[in-house]
Amino acid sequence: MKLLLNDHWLFNRVGKNEWMPAVVPGCVHTDLLANKKIEDPFYGTNEKNLQWIDKEEWEYKTTFVVDKDMLRHERIELLFEGLDTYGDVYVNDHLIISSDNMFREWRKECKQFLKEGDNHLYIKFFSPIRLGLDKRTENGYELPAINDNSEMGGMEDKKVSVFTRKAPYHYGWDWGPRFVTSGIWRGVFLHAWNGYCIRDFSIELKKLDTTESHSNAWLKGKFEIESTYDGEVGLNLIINDILKIEKRVILKKGLNEVELPFNIDNPKLWWAVGMGESYRYKIDAIVSGDGIEDRTSLNYGIRTIRLIRNKDEKGETFYFELNGKKLFAKGANYIPSDVFLNRVTAEKYEKLIKLAVDGNFNMLRVWGGGVYEDSYFYDLCDKYGILVWQDFMFACSLYPGDDKFIQNVEKEAIDNVKRLRNHPCLALWCGNNEIYTAWYEWGYKEWYEKKDNKLAEKIWGDYDKLFHDILYKVVKTYNNEVPYWPSSPMAEWEYGRKPGEDGVAKNNRNSGDRHYWGVWHGEERFENYNNCIPRFMSEYGFQSFPSFKTIESYTREEDRDIDSDVMKGHQRHPRGNKLIRTYMSRDYNVPKKFDEFIYLSQVLQGEGIRQAIEAHRRNMPYCMGSLYWQFNDCWPVASWSGLDYFLTPKALHYVVKRSFAAILISITNENEVLKIHVVNDKNQEINGKLKLELMDFNGNKMFEINMPVTIGAFSSRVYYEIGVKKLFENRKKNIKSNCLMVAQLFSMGDDLMGENYFYFVSPKYMKLPKAQMVMGIIPVDEGYSICINSEDLIKNLYLYTDDELGSFSENYMDILPGRPKNILFRTTKRVENLEKKIKYLRVN
């Protein structure tokens, strides 16, 4: 029997006696906002004025009714699925829980404190900043936390985020604000039971035998059952409401671990999107006896997932194998979708995952500076076939190593590994983000060794213990089917061996995964993506501004200037605006108008990431993954995201959708030789026709070739090449600034399977014509069908609406001369003047 306790909460600033309505799940910032005690935290520069909130103590209370029926149960427990972060919990004035970890569940027996009728639940939340400062002093030595924006918080350089097991991004990041929240951030329950209850249930795949004619899955149902007595019970598994497995077992008083083996003949397997059906079995687990029954259920996908790290002639591979099939990982890094986590609705989660599918993703990396996501997030990834690279919540910093901290982290890890292990989407557990690299490459090791060599040894010993031993053992014990990798990026690692500097993911490493920031931080040209090809690229990116509509949500008209205080406040990288302008000036004429600059920043971002993705995919199977930074935003901001805070797709999303398509044509100029590459992610051979056309911006053809091709299964290779000099023999001198190469792949039935365009000069030097566009708009069931036509090239055409009324199936696209382009605008509302809401690159 469970009683949800999310209602009728009140909150108060300790010492003020001004109790106000609160929302649970929630946090103090959103409760203050709902009660009109603060202004919108995201608007203007309001963030600066709200830093007092995290220095205060806050109290929450509610009253709930317990009836006689509930009190008759042997056990009654209070369960918090998430407390943020330091809180003392009282039931009828009795202290029963003292929480100190946002990422853990908190459960406590409380029957002895309950009474029939009204009962009082009270929580006092302590300031994570004040307690963090105390812990910092007690620690006795500095621990770096470069993204902790302590200055914004009025704390000078006193960075405290690493001492508290709380979402690191709450303290600020170079894409996020600083709002250090407190509150009841997940659900609250009263759980009453008699005799026994299922504490945990999981499925373990022991063996999967597959042949062309027959397959068999050998599995094990694993129960954790707490019992108040010694006695016999029956275990039952019901699969898809049909297949039933039974067993009688003897329970001892206390916690019992019981296994129930079973097999499924010719099972349907779970596949990532693009590889097959993401099938899941409905499994009900039941314990019954002595007139008592407890049950739970889950949706389970049968799959094997392996991280393949084999020595080869170039180094060591790093790729995922799903059900024995190689997988090129395509996707992005995922951060929490709001700084105030209670505002991420089920609808927003589903829209995010659907957008990942729309973008031709098959993987998301849940990055280690956020949170272990809500279970619904993983349910959606299971449903839609999106694999998850899951970081533990450590990023870019060094952490304490005292026994209390380590024990707390171990319990956190066990909680979350057990919570998530039944999800077939789970592909990897990763210990942390960039800490191994930080120690060896960012100067941490050198700084500590100069300061105190013994201290350096201690700090690295603490790191080694946590990430190379404890977390590895947690995964090995509770989720052995899923591989573990200690840090991203990292070049090599084996349990029990310390790789030292050999583990650092440097340019010359031919193993492990890599984060490449030469483009952006290093100001290297986009073309350098072609020279930095790792075995697996797990981070890279480039910034842009969000949509103009999103900018309107946090600015006044007079703020809409790149150098205004408000725009700077919503740009967290110290060189961000300067870098965007620097890169833009290399390849484009920098616009003077604000809205044009915003538009062009997105075009620029998309072009950079296009070059990166194509380079990674052309080099398959040497390179087997491309996860760009970053998928989404946690507030409206200039950032590396492809979706802004309101989930409005930027140009990047549409570029990625094209670049991650199962069949990719990529055109390169290598030493003045034009090469036509075709990449095929599918595990099947394709017979088709490759068509190449050289045309000017007015549609005049100068070269054409058609050739039959056989595209190998899961392959990348060059199918045609021609010297640029030969291509332009006897042409006008400056013709390159007025033409493009069009490459298209057709099936034998003339269906278009892939296409791409290659321009011979950067947009800054293109002689773009004054195009006359014709747009036909027809209402259809899903919204509006739009046909776009022009006699001349239109470059980077962007369609938009004044309000976010729907979504375009394609955008930020090139319209070839004389070739109509059909797209769909999905909406349930009436929209007018679509043909007038456009932007594109203009005549230079």
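This structure is a prediction, so every number in the text was calculated from the model and none was measured.

Colleague: With reference to specific residues and values, describe the overall build of the protein.
Modeller: Each helix and strand in the protein was counted, giving 16 helices and 46 strands. For a compact globule of 844 residues, the expected C-alpha radius of gyration is about 28 Å, and the protein comes in at 29 Å, within 12% of that figure. If you line up the protein on its principal axes, its C-alpha atoms span 95 × 70 × 65 Å. Here the protein, with 844 residues, has 61% of them falling under the buried criterion. For the protein, contacts bridging at least 24 residues in sequence account for 70% of all contacts bridging at least 6.

Colleague: Go over helix H15 (residues 651-659), please, and point to the residues and values.
Modeller: Where burial is concerned, most of H15 is hidden: eight out of the nine residues are buried. Within H15, burial applies to Ala651, Leu652, His653, Tyr654, Val655, Val656, Lys657 and Ser659. Here the buried face of H15 lies against helix H5 (346-358), helix H14 (594-618), strand S32 (625-628), strand S33 (663-670) and strand S43 (807-808).

Colleague: Could you give an account of empty space enclosed by the protein, naming the residues involved and the relevant values?
Modeller: Evaluated as defined, the whole model comprises five cavities of 30 Å³ or more. A volume near 100 Å³ is recorded for the largest cavity. As for the largest cavity, its lining consists of 17 residues, and the residues nearest its centre are Ser161, Pro168, Trp173, Ser397 and Tyr399. Here the lining of the largest cavity is composed, by residue class, of nine nonpolar, five polar and three charged. Ser397, Leu398, Tyr399, Pro400, Ile406, Ile435, Ile459, Asp462, Tyr463, Leu466 and Phe467 are the residues that line the second largest cavity. It is helix H10 (residues 453-478) that provides the largest number of residues to the lining of the second largest cavity, a total of five residues.

Colleague: A description of unusual backbone geometry should follow, citing residues and the corresponding values.
Modeller: Residue threonine 85 follows aspartate 84 across a cis peptide bond; omega there is -10 degrees. In this structure, threonine 85 sits in the loop between strand S6 (83-84) and strand S7 (86-91). Of note in this structure, phenylalanine 714 is not a glycine but carries a positive phi near 45 degrees. You can see phenylalanine 714 is positioned in the loop between strand S36 (701-711) and strand S37 (715-723).

Colleague: Describe in detail the sheet that holds strand S41 (residues 783-790), supporting the description with residues and values.
Modeller: Read across the open sheet, the four strands follow the order S40-S41-S45-S43; overall the sheet is antiparallel. Of all strands in the sheet, those bounded by a partner on one side alone are strand S40 (773-780) and S43. Here S40 pairs with S41 via eight bridges, running antiparallel. When the bridges of S41 are listed, glycine 776 appears paired with cysteine 787.

Colleague: Hey, could you go over the packing of H14 against H15 for me, with residue numbers and the actual values?
Modeller: One can describe the packing of H14 onto H15 by two numbers: an axis separation of 8 Å at closest approach and a directional angle of 25 degrees. Classed by the angle they form, the pair H14 and H15 counts as roughly parallel. For the crossing formed where H14 meets H15, the hand is right-handed. Across the interface between the two elements, Gln602, Val603, Gln605, Gly606, Ile609, Arg610, Ile613 and Arg617 from H14 touch Ala651, Leu652, Val655, Val656 and Ser659 from H15. Among the residues making up the contact of H14 with H15, the classes are represented as seven nonpolar, four polar and two charged.

Colleague: Outline the sheet that holds strand S23 (residues 319-322), supporting the account with residue identities and numerical values.
Modeller: The strand order across the open sheet formed by three strands is S20-S23-S24, and the pairing between neighbours is antiparallel. Looking at which strands have only one partner, the edges of the open sheet turn out to be strand S20 (305-308) and strand S24 (325-327). Adjacent strand axes in the sheet meet at a mean angle of 35 degrees when their direction is disregarded.

Colleague: How would you explain H10 if you had to name every residue and give the values?
Modeller: For H10, which comprises 26 residues, the first-to-last C-alpha distance of 36 Å matches the rise-based estimate of 38 Å (1.5 Å per residue) to within 8%. Leucine 466 marks where H10 bends most, by close to 30 degrees. The residue sitting at the N-terminus of H10 and contributing the capping side-chain oxygen is aspartate 452; that oxygen lies 3.0 Å from the backbone nitrogen of lysine 454.

Colleague: Quick rundown of the pairing of strand S34 (residues 673-680)? Include the residues and the values.
Modeller: With seven of eight residues buried, S34 is to be regarded as a mostly interior element. Of the pairings in the sheet, the one linking S33 to S34 comprises eight bridges and is antiparallel in character. Within S34, the residue paired with isoleucine 663 across the bridge is asparagine 680. With antiparallel pairing between neighbouring strands as the criterion, S33 and S34 make up a hairpin whose turn holds two residues, including asparagine 671 at a positive phi of roughly 55 degrees.

Colleague: Can you tell me about the side chain of lysine 675, naming the residues and giving the values?
Modeller: Following the sequence through the fold, lysine 675 ends up in strand S34. Within the local environment of lysine 675, its side chain forms a polar contact with the side chain of glutamate 670, the two groups lying 3.2 Å apart.

Colleague: Outline the packing of aromatic side chains, supporting the account with residue identities and numerical values.
Modeller: If you walk through the whole model with that rule in mind, you get 70 aromatic pairs. Judged by centre distance (4.9 Å) and plane angle (15 degrees), the ring pair of tryptophan 439 and tryptophan 460 falls under stacked. You can see tryptophan 439 sitting in helix H8 (residues 435-441) and its partner tryptophan 460 sitting in helix H10, a full 21 residues away along the chain. Pairing tryptophan 520 with phenylalanine 542 gives two aromatic rings, centres 5.0 Å apart and planes at 90 degrees, and the pair type is edge-to-face. With tryptophan 520 in the loop between strand S30 (514-515) and strand S31 (537-539) and phenylalanine 542 in the loop between S31 and helix H11 (548-552), the pair connects residues that are 22 residues apart, well separated along the chain. By the burial criterion, tryptophan 520 is buried, and phenylalanine 542 matches it. In this structure an aromatic cluster arises from ring pairing among Phe394, Tyr399, Phe405, Tyr436, Trp439, Tyr440, Trp447, Tyr448, Trp460, Tyr463 and Phe467. The ring centre of phenylalanine 189 lies 5.2 Å from the NZ or CZ of lysine 2, which sits over that ring.

Colleague: Give a description of the pattern of salt bridges that names residues and reports values.
Modeller: Applying the stated criterion to the full structure yields 64 salt bridges. As a salt-bridge pair, glutamate 47 and arginine 572 come within 2.1 Å of each other at their nearest N and O atoms. Of the two residues, glutamate 47 is situated in helix H2 (residues 46-49) and arginine 572 in the loop between helix H12 (565-569) and helix H13 (576-587); the sequence distance between them amounts to 525 residues. Under the relative-accessibility criterion, glutamate 47 is labelled buried at 4%. Its relative accessible area of 15% is what places arginine 572 among the buried residues. The network of salt bridges with shared partners includes Arg75, Glu77, Arg107, Arg199 and Glu226.

Colleague: Describe the nonpolar core, naming the residues involved and giving the relevant values.
Modeller: If you look at the biggest cluster of nonpolar residues, it comprises 240 residues, and the most contacted ones within it are Leu78, Phe80 and Phe631. It is H10 that provides the largest number of residues to this core, a total of 12 residues. Ignoring anything within four residues of it in the chain, the contact list for phenylalanine 631 reads Ala332, Asn333, Tyr334, Leu352, Leu355, Ala356, Phe361, Leu364, Ser641, Gly642 and Leu643. Among the nonpolar cores identified, the runner-up in size contains 28 residues, and Ile663, Phe703, Cys739 and Met741 belong to it.

Colleague: Run through the packing of H5 against helix H6 (residues 375-384), naming residues and quoting values.
Modeller: The interhelical angle for the contact between H5 and H6, taken along N-to-C directions, is 35 degrees, at an axis separation of 10 Å. Of the two elements, H5 crosses H6, and the hand of that crossing is right-handed. Contacts from Ala346, Tyr349, Glu350, Ile353, Lys354 and Val357 of H5 reach H6 at Tyr376, Phe377, Leu380, Cys381, Lys383 and Tyr384. Of the residues that constitute the contact of H5 with H6, the class distribution is nine nonpolar, no polar and three charged.

The rules behind the values
- Residues numbered from 1 in each chain as written.
- Predicted model: local features only at pLDDT ≥ 70, side-chain atom pairs only at ≥ 80, totals over all residues.
- Heavy atoms only, no water.
- Helix = DSSP H or I, 4+ residues; strand = E, 2+ residues; numbered from the N terminus.
- Rg over C-alpha atoms; globule rule 2.2 N^0.38 Å.
- Buried < 20%, exposed > 50% of the residue type's maximum accessible area, 1.4 Å probe, protein only.
- Contact = heavy atoms within 4.5 Å.
- 1 Å grid on protein atoms, 1.4 Å probe; cavity = no way out; pocket = protein on both sides within 12 Å on 5 of 7 lines; lining within 4 Å.
- Points joined across faces, edges and corners; volume = space filled by probe spheres on them.
- Nonpolar A, V, L, I, M, F, W, Y, C, P; charged D, E, K, R; others polar.
- Pairing = 2+ DSSP bridges.
- Axes fitted to C-alpha atoms, helices over the stretch in contact; angles between N-to-C directions.
- Parallel < 35°, antiparallel > 145°, perpendicular 65-115°, else oblique.
- Left-handed = near helix turned anticlockwise from the far one by under 90°.
- Expected span 1.5 Å × (residues − 1).
- Bend = angle between axes of the 7 residues up to and from the residue.
- Polar contact = N/O pair within 3.5 Å; in protein donor to acceptor, adjacent residues only side chain to side chain.
- Phe/Tyr/Trp six-rings, centres within 6.5 Å; stacked < 30°, edge-to-face > 60°.
- Lys NZ or Arg CZ within 6 Å of the ring centre and 35° of its normal.
- Salt bridge = Lys/Arg side-chain N within 4 Å of Asp/Glu carboxyl O.
- Core = buried A, V, L, I, M, F, W, Y, C linked by side-chain atoms within 4.5 Å.

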